[in-house]
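Survey of secondary and tertiary structure
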Amino acid sequence: MAFEGFLQPKCLKWRLCGLRWQVLIFVLYFSHVVSGQIRYSIPEEMKKGSVIGNVAQDLGLDLKRLRAGRARIVTGESIQYTELKTEKGILVVSERIDREQLCGDVTPCSFSFEIILENPIELHRITVEILDVNDHAPAFPNKYIHFEISESATVGSRFLLESAEDPDVGLNALQNYVLTHNDNFILKQHANPDGSKYAEMVLQKPLDREEHPRLSLKLIAVDGGNPQRSGSVNIEITVLDANDNAPVFNQSVYRATVMENAPKDTYITTVNASDADRGTNGQITYSFSKLKGSIADIFIIDEKTGIISVSGQVDYEKDKKYEVRVEAKDQGGLTDSSKVVIEVIDVNDNAPVINVMSFSSPVSEDAPPGTTVAVINVKDAD
Ligand SMILES: *[C@@H]1O[C@H](CO)[C@@H](O)[C@H](O)[C@H]1NC(C)=O
Ligand SMILES: *[C@@H]1O[C@H](CO)[C@@H](O)[C@H](O)[C@H]1NC(C)=O
Ligand SMILES: [Ca+2]
Ligand SMILES: [Ca+2]
Ligand SMILES: [Ca+2]
Ligand SMILES: [Ca+2]
C-alpha cells in the first residue's frame, strides 16, 4: 500500500513527500472515489465567458455540494481555457481557444481536465472537443507566380504551381484549385502523400508570342467551408520567342528603271521584307541569290537596308532589262525571295558608225550623176 513508503524515513524532502501525496490521491481515486466523465463540444474562438456546459446538472451535483466540496479545476496544461463558475455550476470559456494553435492538423481536437471536489473526494474528467470554424482563407505564399515559357513548348508540357495553405481542417481546409479561363492551359490537380493538394498547368494549345507575348492568369484556391473562403495568385507568363516566322517580302516583284551609264552608287530601289519574330530571329539580311557573273558587277544590295544601287557599268546595248532574285534571311536561317526587274533606259551615247562597204575609185570627173560611188552601211546602236 502507498502508505508504507510514505511512513519510511526516505520521505525527507518536502517535494518528494508532495509527490507521494499525488500518488496517494490517485490511488484513492482509482479505489473508491466517485468519478464521472463528461464530453462537451464547442466551436473554437468563442468569446470569453461563453457557456461550455452546465457541469452541475450533467454530473448530477447540486450547487451546495459544489460549494461545500470546493469544486475546482485541476489541469496539467499551462493554459487554462475554462473556468468553473461554482455559484451557477457552469463551465465557461476563460481564454481564447484557437483550434489551429491548439491542435494544428490533428482531428478531432480536444483537451481534458479534472474537476475535483473534497469531503468526500470526487474527481470528474471533462473533455472539451473544439470544433473547427472556417476562420482561414486559403492563402498563397506570393502575390505573383512568374513563368517564362517558350512559344515552342510542346502540348502536354507541365508547369508546377505554388500551393496555397489553409490551416483549417476537414471541409474548411483547401478543397480545390481553379484556373481562370484561357485558351492555352488547363489545370491538373494532384494530392501529396500527406493528402494536401497541389496543382499544375498543362499546355493544351501552343503559345504564340507573335499573337500574345504575355499572358495573365489567376489561380484561385477554395475551401469547402460555409461560407466558402478563397485566395488567389496571379500567374504572369512571358512567352519567349522561337524562330517560327520566315521573313516575308512586301512585294513579289519590285520594278525599277535605271539610266544606262548611271554612275556608281545610283539608287535603284529598296526591297523590304519583315519578320514577325523578335531579336535575331527577326533580324533580316538581304542578298542577291545566285547572280550570273556580269550582274554581280553591275548592282549591289545593302545587306541591312535592302537598298539596291549601281556598282558597275550599266550598258543598254548589252542588256535592256535585268531580272534579279533577292533573298531575305533571318538569323535563324529562314528565308523568302522576291524578284527585282530593272529596265535600262537608253541614252543616246552612240555616234552612227559608218562602214564603207565598197568604194569604186577613182571617180572620173565626168561621171554622170547617179553613178554609185560607194555603199555605206550606217548603224546607230541607240
Ligand atoms: C516595309 O514595308 C512596310 C509595309 O509593307 C512598311 O510598313 C515598312 O515601313 C517598310 N520598311 C522600310 C524599312 O521601309
Ligand atoms: C514595300 O517596301 C518598300 C520599301 O520600304 C516601299 O517603298 C513599298 O511601298 C512597300 N510596298 C508595299 C506594297 O507596301
Ligand atoms: Ca479554424
Ligand atoms: Ca478555411
Ligand atoms: Ca524569323
Ligand atoms: Ca516567334
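Residues numbered from 1 in each chain as written. Chains lettered and ligands numbered in written order. Predicted model: local features only at pLDDT ≥ 70, side-chain atom pairs only at ≥ 80, totals over all residues. Heavy atoms only, no water.

1. Digging into the coordination of the calcium ion (ligand 3)
Rules: Water is not among the atoms examined, so metal sites may look incomplete; donors are the N, O and S atoms within 2.8 Å of the metal, or within 3.2 Å for Na, K and Ca. Strands are runs of DSSP state E lasting at least 2 residues, helices are runs of H or I lasting at least 4, and numbering of each runs from the N terminus. A 1.4 Å probe rolled over the protein chains alone gives each residue an accessible area, and that area as a share of the maximum for its type sets the label: buried under 20%, exposed over 50%, partly exposed in between.
Every protein donor of the calcium ion (ligand 3) is accounted for by Glu44 (OE), Glu100 (OE), Glu100 (OE), Asp132 (OD), Val133 (O), Asp135 (OD) and Asp168 (OD), and the metal-donor separations fall at 2.2 to 2.8 Å. When the donors of the calcium ion (ligand 3) are listed by position in the chain, the intervening gaps give E-x55-E-x31-D-V-x1-D-x32-D. Of this pair, Glu44 sits in the loop between β1 (34–43) and β2 (51–54) while Val133 sits in the loop between β7 (122–131) and β8 (144–150), and the two are 89 residues apart along the sequence. Taking the relative accessible area as the measure of exposure, Val133 reaches 31% and is therefore partly exposed.

2. Side note on the layout of surface pockets
Threshold: Only protein atoms enter the calculation, which uses a 1 Å grid: trapped sets of points that fit a 1.4 Å probe without letting it out are cavities, open sets showing protein on both sides within 12 Å along at least five of seven lines are pockets, and any residue with an atom within 4 Å of a point is a lining residue. Grid points are joined across faces, edges and corners, and a volume is the space filled by probe spheres set on the points.
Approximately 430 Å³ is the volume found for the largest pocket. Forming the walls of the largest pocket are 15 residues, and the residues nearest its centre are Asp105, Glu165, Asp166, Ala173 and Ser196.

3. Here's the deal with the site of ligand 2
The condition is simple: Distances are taken per atom, and a residue is near a molecule or strand as soon as one of its heavy atoms is within 4 Å of it. Pairing of N or O atoms within 3.5 Å defines a polar contact, subject to two protein rules: one partner must be a possible hydrogen donor and the other a possible acceptor, and residues neighboring in sequence count only if both atoms are side-chain atoms. Note on areas: these come from Shrake-Rupley sampling with a 1.4 Å probe, and a residue is covered only by the protein chains present in the view. Gly is put with the polar residues, along with every residue not named as nonpolar or charged; the nonpolar set is Ala, Val, Leu, Ile, Met, Phe, Trp, Tyr, Cys and Pro, and the charged set is Asp, Glu, Lys and Arg.
The environment of ligand 2 is made up of Asn250, Gln251, Thr270 and Asn272. Between ligand 2 and Gln251, the relevant distance is 2.9 Å, taken from a nitrogen atom to a side-chain nitrogen or oxygen of the residue. A distance of 3.0 Å separates an oxygen atom of ligand 2 from a polar atom in the side chain of Asn272. In isolation ligand 2 has 360 Å² of accessible area, and contact with the protein removes 43% of it. Residues that form the shell around ligand 2 fall into these classes: no nonpolar, four polar and no charged.

4. Examining the packing of aromatic side chains
As a reminder, the rule being used: In this scheme Phe, Tyr and Trp rings, the latter by its six-membered ring, pair at centre separations within 6.5 Å, and the angle between planes marks the pair as stacked below 30 degrees, edge-to-face above 60, and tilted otherwise. Sitting over a ring, as applied to charges here, requires NZ of Lys or CZ of Arg to be within 6 Å of the ring centre and within 35 degrees of the ring normal.
Tallying each qualifying case throughout the model produces eight aromatic pairs. Centroid distance Phe140 to Tyr177: 6.2 Å. Interplanar angle 45°. Geometry classified as tilted. Residue Phe140 is found in the loop between β7 and β8, and its partner Tyr177 is found in strand β10 (residues 174–179); the two are separated by 37 residues along the sequence. By way of ring pairs, the aromatic residues Tyr81, Phe111 and Phe113 are connected into one cluster. Over the ring of Tyr316 we find Lys320; its NZ or CZ atom is 4.9 Å from the centre of that ring.

5. A few points about the pattern of salt bridges
The criterion, for reference: What makes a salt bridge here is a side-chain nitrogen of Lys or Arg within 4 Å of a carboxyl oxygen of Asp or Glu, nothing more.
Considering all chains together, one arrives at 14 salt bridges under this definition. In this structure, Glu200 engages Arg158 in a salt bridge whose closest nitrogen and oxygen atoms are separated by 2.4 Å. Note that Glu200 is positioned in strand β12 (residues 197–203) and Arg158 in strand β9 (residues 158–160), a separation of 42 residues in sequence. Assessed through its relative accessible area of 10%, Glu200 is described here as buried. For the salt bridge of Glu210 with Arg209, the shortest nitrogen-to-oxygen distance reads 2.9 Å. A residue is classified by how much of its surface remains accessible, and Glu210, at 25% relative accessible area, is partly exposed.

6. Focus: the sheet that holds β9
The test is simple: Two strands make a pair as long as DSSP finds a minimum of two bridges between them. Axis lines are fitted through C-alpha atoms, for helices just across the contact stretch, and the angle between N-to-C directions can take any value from 0 to 180 degrees.
The sheet built from three strands is open, its strands ordered β9-β12-β11 with antiparallel pairing. The open sheet has two free edges, formed respectively by β9 and β11 (185–191), since each of these has just one partner strand. Strand-to-strand twist of the sheet, defined as the mean angle between neighbouring strand axes without regard to direction, takes the value 30°. The pairing of β9 with β12 spans three bridges and is classified as antiparallel. Among the inter-strand pairings, Leu160 is bridged to a residue of β12, identified as Glu200.

7. Notes on the confidence of the model for the protein
Rules: Each residue carries a pLDDT score, the predictor's confidence in it, ranging from 0 to 100. The contact criterion used is simple: two residues touch if any of their non-hydrogen atoms lie within 4.5 Å.
The share of residues in the protein with pLDDT of 70 or more is 81%, and the mean pLDDT across the chain is 86. Predicted confidence is poor over residues 23–32, with pLDDT under 50, and the contacts of this stretch with residues over four places away or in other chains come to six contacts.

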